[in-house]
Amino acid sequence: MLKTASQSPGSLSPPRLLTSLAGLLRDWLPRQRWFAGKGRPVTDLAVLSVTELHPGCLHLLIRSGPAGPPEDCYQLILGVREHLPPRLHHAVVGRPDAGPLAGLTVYDALLDPWSAGLLLERLRTPGEMGPLRFERDARTVVPEGLPPRLLDGEQSNTSLVYGDAFILKLFRRVQYGINPDLEVPWALARVDCPRVPAPVAWFWTTEPHNATLGVLQPFLPEATDGWTLALQSLGRGENFTDESYELGRATAEVHLALAQAFGSGPPDPYDCGRLAAAMTGRLETAAHQMPELVPYVSRLKAAYAAVAARGQGRQAQRIHGDLHLGQVLRARERWFIIDFEGEPARPLDERRRVQAPIRDIAGMLRSFDYAAHSRPPWRSEWVRRCREAYCAGYAAESTWDPHAEPELLRAYETDRAVYEALYEARHRPDWLAVPMAAIARLAEES
Ligand SMILES: Nc1ncnc2c1ncn2[C@@H]1O[C@H](COP(=O)(O)OP(=O)(O)O)[C@@H](O)[C@H]1O
Ligand SMILES: O=P(O)(O)O[C@H]1O[C@H](CO)[C@@H](O[C@H]2O[C@H](CO)[C@@H](O)[C@H](O)[C@H]2O)[C@H](O)[C@H]1O
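By the naming in an unreviewed UniProt entry, the protein is Maltokinase, taken from Streptomyces huasconensis. The record held by UniProt for the protein lists under Pathway (unreviewed entry) the comment "Glycan biosynthesis; glycogen biosynthesis." A UniProt comment under Subunit (unreviewed entry) is attached to the protein, and it reads "Monomer."

### Some words on the site of ligand 2
By nearness alone, 19 residues border ligand 2, and Ser156, Asp322, Ser367, Tyr419 and Glu420 come closest of all. Here an oxygen atom of ligand 2 sits 2.5 Å away from a polar atom, N or O, in the side chain of Ser156. Considered on its own, ligand 2 offers 540 Å² of accessible surface; in the complex 95% of this is hidden by protein. Of all elements in the fold, only helix H9 (358–373) and helix H11 (406–427) reach the threshold of two or more residues within the shell around ligand 2. Per-element accounting of the shell around ligand 2 gives the leading share, five residues, to H11. In terms of residue class, the shell around ligand 2 is built from seven nonpolar, four polar and eight charged.

### Overview of the pattern of salt bridges
With the rule as written, the count across this model stands at 35 salt bridges. One salt bridge connects Arg385 with Glu381, and the closest N-O pair in it is separated by 3.3 Å. Linking Arg385 with Glu381, this pair stays in helix H10 (residues 380–398), spanning four residues, or about one helical turn. By relative accessible area, Arg385 is classed as partly exposed at 35%. On the basis of relative accessibility, which here comes to 38%, the residue Glu381 falls in the partly exposed class. What you see here is one network of salt bridges that share partners, running through Arg282, Asp322, Glu343, Arg346, Glu350, Arg359, Arg366, Asp369, Asp415, Arg416, Glu420 and Arg441.

### Digging into the nonpolar core
Leu188, Phe240, Leu325, Phe368 and Trp382 are the most contacted members of the largest nonpolar core, which has 65 residues in total. The element best represented in this core is H9, accounting for nine residues. Apart from the residues lying within four places of it in its own chain, the contact partners of Trp382 are Ala230, Ser233, Leu234, Glu238, Asn239, Phe240, Phe368, Ala371 and Ala372. Within the second largest apolar cluster, 31 residues are counted, among which are Leu120, Leu123, Met129 and Ala211.

### Here we look at unusual backbone geometry
Omega for the peptide link from Pro69 to Pro70 comes to -5°, which places this bond in the cis form. Here Pro70 lies in the loop between strand E2 (57–63) and strand E3 (73–81). Omega for the bond connecting Pro376 with Pro377 falls within 30 degrees of zero, at 0°, which places this linkage in the cis form. On the secondary structure map, Pro377 appears in the loop between H9 and H10. In this structure, Asp44 is a non-glycine residue whose phi angle is positive, near 50°. Locating Asp44 in the fold gives a position in the loop between helix H1 (14–28) and strand E1 (46–54). Positive phi, close to 60°, is recorded for Asp339, a residue that is not glycine. Looking at the element boundaries, Asp339 is found in the loop between strand E18 (334–337) and helix H8 (348–351). What makes Asp339 buried here is its relative accessible area of 18%.

### Remarks on the packing of aromatic side chains
Per the stated rule, a full pass over the model turns up eleven aromatic pairs. Taking the centre distance of 6.0 Å and the plane angle of 40° together, the rings of Trp227 and Trp431 count as tilted. Linking Trp227 in helix H4 (residues 226–235) with Trp431 in the loop between H11 and helix H12 (433–445), this pair joins segments that are 204 residues apart in sequence. Residue Trp431 is classed as partly exposed on the basis of its relative accessible area, which comes to 24%. For the pair Tyr419 and Tyr423, a centre-to-centre distance of 6.1 Å together with 35° between the ring planes defines the contact as tilted. On the criterion of helical spacing, the pair formed by Tyr419 and Tyr423 is a turn pair, its members being four residues apart in helix H11.

### Examining the side chain of Gln75
Relative to the helices and strands, Gln75 is located in strand E3. Those residues in contact with Gln75, other than ones at most four positions away along the chain, are His59, Leu60, Leu61, Leu170, Phe171, Arg172, Val174, Phe203 and Leu213.

### A word on the site of ligand 1
Lining the immediate environment of ligand 1, one finds 17 residues, of which Gln155, Asn157, Gln217, Leu220 and Asp339 sit closest. The backbone of Ser156 places a nitrogen or oxygen atom 3.2 Å from an oxygen atom of ligand 1. A distance of 3.3 Å separates an oxygen atom of ligand 1 from a polar side-chain atom of Gln327. Elements with a contribution of two residues or more to the shell around ligand 1: strand E10 (166–170) and strand E13 (211–218). Of the residues belonging to the shell around ligand 1, the class tally is eight nonpolar, six polar and three charged.

### Description of the state of the cysteines
Counted by the stated rule, this structure contains zero disulfides. Here Cys57 is not disulfide-linked; the sulfur of Cys73 is the nearest cysteine sulfur, at 20 Å.

### Concerning the sheet that holds strand E9 (residues 158–162)
Sheet architecture is open: seven strands sit in the order E6-E7-E12-E13-E10-E9-E8, paired in antiparallel fashion. Both outer strands of the open sheet, strand E6 (127–129) and strand E8 (148–150), are each paired with one neighbouring strand and no more. Pairs of neighbouring strands in the sheet enclose a mean axial angle of 20°, with direction left out of account. In the sheet, E8 pairs with E9 via three bridges, with the strands oriented antiparallel.

### Some remarks on the sheet that holds E18
Strand order in the open sheet made by the three strands is E14-E17-E18, with antiparallel pairing throughout. Whereas interior strands pair on both sides, the edge strands pair on one side only; in this sheet they are strand E14 (224–225) and E18. Here four bridges tie strand E17 (residues 328–331) to E18, and the two strands are oriented antiparallel to one another. Across the sheet, Arg330 pairs through a bridge with Trp335, a residue of E18. Its contacts with the sheet place helix H5 (residues 241–262) against E17 and E18, and it is angled at close to 45° to E18.

Here is what the cut-offs are and how they apply
Residues numbered from 1 in each chain as written. Chains lettered and ligands numbered in written order. Predicted model: local features only at pLDDT ≥ 70, side-chain atom pairs only at ≥ 80, totals over all residues. Heavy atoms only, no water. UniProt positions renumbered as here; feature names shortened; annotations may be inferred. Near = heavy atom within 4 Å. Polar contact = N/O pair within 3.5 Å; in protein donor to acceptor, adjacent residues only side chain to side chain. Areas by Shrake-Rupley, 256 points an atom, 1.4 Å probe, with all protein chains shown as cover. Helix = DSSP H or I, 4+ residues; strand = E, 2+ residues; numbered from the N terminus. Nonpolar A, V, L, I, M, F, W, Y, C, P; charged D, E, K, R; others polar. Salt bridge = Lys/Arg side-chain N within 4 Å of Asp/Glu carboxyl O. Buried < 20%, exposed > 50% of the residue type's maximum accessible area, 1.4 Å probe, protein only. Core = buried A, V, L, I, M, F, W, Y, C linked by side-chain atoms within 4.5 Å. Contact = heavy atoms within 4.5 Å. Phe/Tyr/Trp six-rings, centres within 6.5 Å; stacked < 30°, edge-to-face > 60°. Disulfide = S-S within 2.5 Å. Pairing = 2+ DSSP bridges. Axes fitted to C-alpha atoms, helices over the stretch in contact; angles between N-to-C directions.

In structure tokens, the structure reads:
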């Protein structure tokens, strides 16, 4: 094992490290699912902070693109070794030919069980390490030596499961401030909301600004996510109505708990116009980047007029912000809701604002449509029944039926479909046809 900074203090200063890593990262970053700058050359790389987690393992915050808000920053945990064992060959980032790491092999240390194990050890023992701060809820015991495994799946971040008891989510794209995926589950735990796993430990950085970097929470080992269950139901030609109804109830329960934890209030009537303008602005920005949206723009704008005319729903409060079938887990015959980060592409302050709960409902309704599109033939009846049941379940728990506001729902669904089109174009171009089909349909109905 190579000794890095501890062997030669100061040799791993950010600018020196960049001379080793810049070339490698230009190739490696665009291949990572979580890298948001896909399709553009990686320029202006900077190392913002470097901390040696243990000899041969570096924690880095890097910036891609120009300095100054909004900055595109990422968290990397890189291992450095003279020789990499064959079992870690898939983790290689590259071999720098310049700077302090010249001639060594740099690799993604999260794929190395040894480094992943030490990270858990760090979280078990709160304290400081350079700019990094490790904290935990002293009421939960995290046993020593739980074996780590990397979760492989469709993810915007990177998650490690420890001994099927805990899951650590490491935020890859780092924004300054507290991440709602720590803030919200923590607050919900304080109002005894049983639908959301409570944070057990977390870590954050003070440099270059305060930012949450990772959250450990209990792992639900027997859980299946809603996306998998919906696809199974489609594959078997079954309905998904009972599950959708229960999911509607779970969503309403979490909305009530969010209102209790953070407060709620009537939407500011002057906000309605601003919200419609924001939706229109997002559509125009997206159409600027995606010419395939242009033919639909004028008809979709009509859907937003409903928001300006009718207000933004019954109340404004904290919401989930990116609710879909991949964010709900079925375990012990109950639905749990995870991942309160919000839509990763939006700025953090926007994601932490109070919003209309109907936004979450629109996200889940869009998700039924996604599932149906990914298992042909298209089963419109399956989607219709899921939508009805979900809204009925929501209404049963909250005494408000989202179906009572069809124009508002259509506006939020349109806004969500536009987000999805941009997301898929950037991250999963093969999926683009799914939101585009919805956009064509929504434009037709406007
Ligand atoms: N508490 C948990 N118990 C079981 N599985 C979980 C838990 N939290 C997350 N997962 C699994 O990890 C996946 C990714 O988690 P998520 O928070 O959605 O990360 P990302 O923001 O990277 O998409 C989920 O789809 C789910 O399968
Ligand atoms: O990774 P996150 O869960 O934070 O969310 C992002 O990625 C999702 C895809 O993994 C994306 O969701 C879209 O695809 C899902 C199926 O894979 C579907 O359930 C969702 O309805 C659809 O929006 C999500 O939009 C994005 O923020």
